[in-house]
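Structural overview
Listed here are the chains, written in short residue letters.
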Amino acid sequence: MSINGDALTHSPWGHCVHCGNGIGKTQFAMARQSNVVSFGKSSKSPDDQAYLTHHARSVRARFCSNECWEKGMGAVLEAEGLPASIADKRVLAGPIHPCVKCGTPVNLMKTHLAWVRYKYEMRTKGGAEVEHLDWLDVMGVECKPCNLAASLREKRHRRRATRAVSST
Ligand SMILES: [Zn+2]
Ligand SMILES: [Zn+2]
């Protein structure tokens, strides 16, 4: 067993949002990221041909295990204003897919906002520990107006939180 308590408390991935334990060598996470899908020519189905490029990623929640993910994901989705049903949905390569919040068609070939879940593992490579992306699924995509509304709401929350801190 190579994981010891100290390594867990000082995990570079922080703590599990569900159980509060330090995250070890496996991380399950949920993030919002900006994606673009492009298509190659040589494969059979559109999904096989699709390449996903991601730009900015903002991690919203990290879990230490699949079990914590299953128990804690509902609360995370609710806080983000997302339907609980997307926890185990997987968006294939469209290229047009309805917005997870309002149903407006989103063109995946243009830069768009996507909600993703993924698993990272720490692996030893040439004596060094490296982060390895095991898998990544797109759970849902979001249209620009919904994205804008969510970021305005977030800004208001942050301003209120700053005011609450400075008034104490
Ligand atoms: Zn946990
Ligand atoms: Zn929308």
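Worth saying up front: this structure is predicted, and the values here are computed from it rather than measured.

Definitions and limits used
- Residues numbered from 1 in each chain as written.
- Chains lettered and ligands numbered in written order.
- Predicted model: local features only at pLDDT ≥ 70, side-chain atom pairs only at ≥ 80, totals over all residues.
- Core = buried A, V, L, I, M, F, W, Y, C linked by C-beta atoms within 7 Å.
- Buried ≥ 20, exposed ≤ 12 C-beta atoms within 10 Å, placed from the backbone.
- Helix = DSSP H or I, 4+ residues; strand = E, 2+ residues; numbered from the N terminus.
- Contact = placed C-beta atoms within 7 Å.
- Pairing = 2+ DSSP bridges.
- pLDDT = per-residue confidence, 0-100.

So, about the nonpolar core. Judged by nonpolar contacts, the single largest core of 27 residues is most densely connected at Cys 16, Phe 63, Ala 114, Trp 115, Val 138 and Val 141. Where this core is concerned, the elements lending two or more residues are β1 (26-39), β2 (50-63), α3 (66-79), β5 (112-125) and β6 (128-142). Trp 115 has contacts with Arg 32, Leu 82, Ile 86, Val 100, Met 139, Gly 140 and Glu 142, leaving out every residue within four places of it along the chain.

Here the focus is the pairing of β5. Regular strands place side chains that alternate from one sheet face to the opposite one. Direction of pairing for β1 relative to β5: antiparallel, over a ladder of ten bridges. Following the sheet pairing, Asn 35 is matched in β5 by His 112. Bridge count for β5 against β6 is 13 bridges, and the pairing is antiparallel. Pairing of Met 122 across the sheet is with Glu 131, part of β6. In this structure, the hairpin formed by β5 and β6 is closed by a connection of two residues, where Gly 126 is found at a positive phi of approximately 55 degrees.

Glancing now at the confidence of the model for the protein chain. Chain-level statistics for the protein chain give a pLDDT mean of 83 and a share of 83% at 70 or above. Throughout residues 1-9 the model reports pLDDT below 50, and contacts reaching past four residues in sequence, or to other chains, amount to seven contacts.

Of note, Val 100 is situated in the loop between β3 (96-98) and β4 (105-107). C-beta crowding within 10 Å serves as the criterion here: with 25 such atoms nearby, Val 100 is assigned to the buried category. When the C-alpha positions of Val 100 and Glu 142 are compared, they lie 5.7 Å apart, and in sequence the two are 42 residues distant.

Following the sequence through the fold, Pro 98 ends up in strand β3. By C-beta crowding, Pro 98 is classed as partly exposed, having 15 other C-beta atoms within 10 Å. Measuring from C-alpha to C-alpha, the distance between Pro 98 and Cys 143 comes to 8.2 Å, with 45 residues separating the pair along the chain. Discounting residues that sit within four places of it in the chain, Pro 98 has contacts with Gly 103, Thr 104 and Pro 105.

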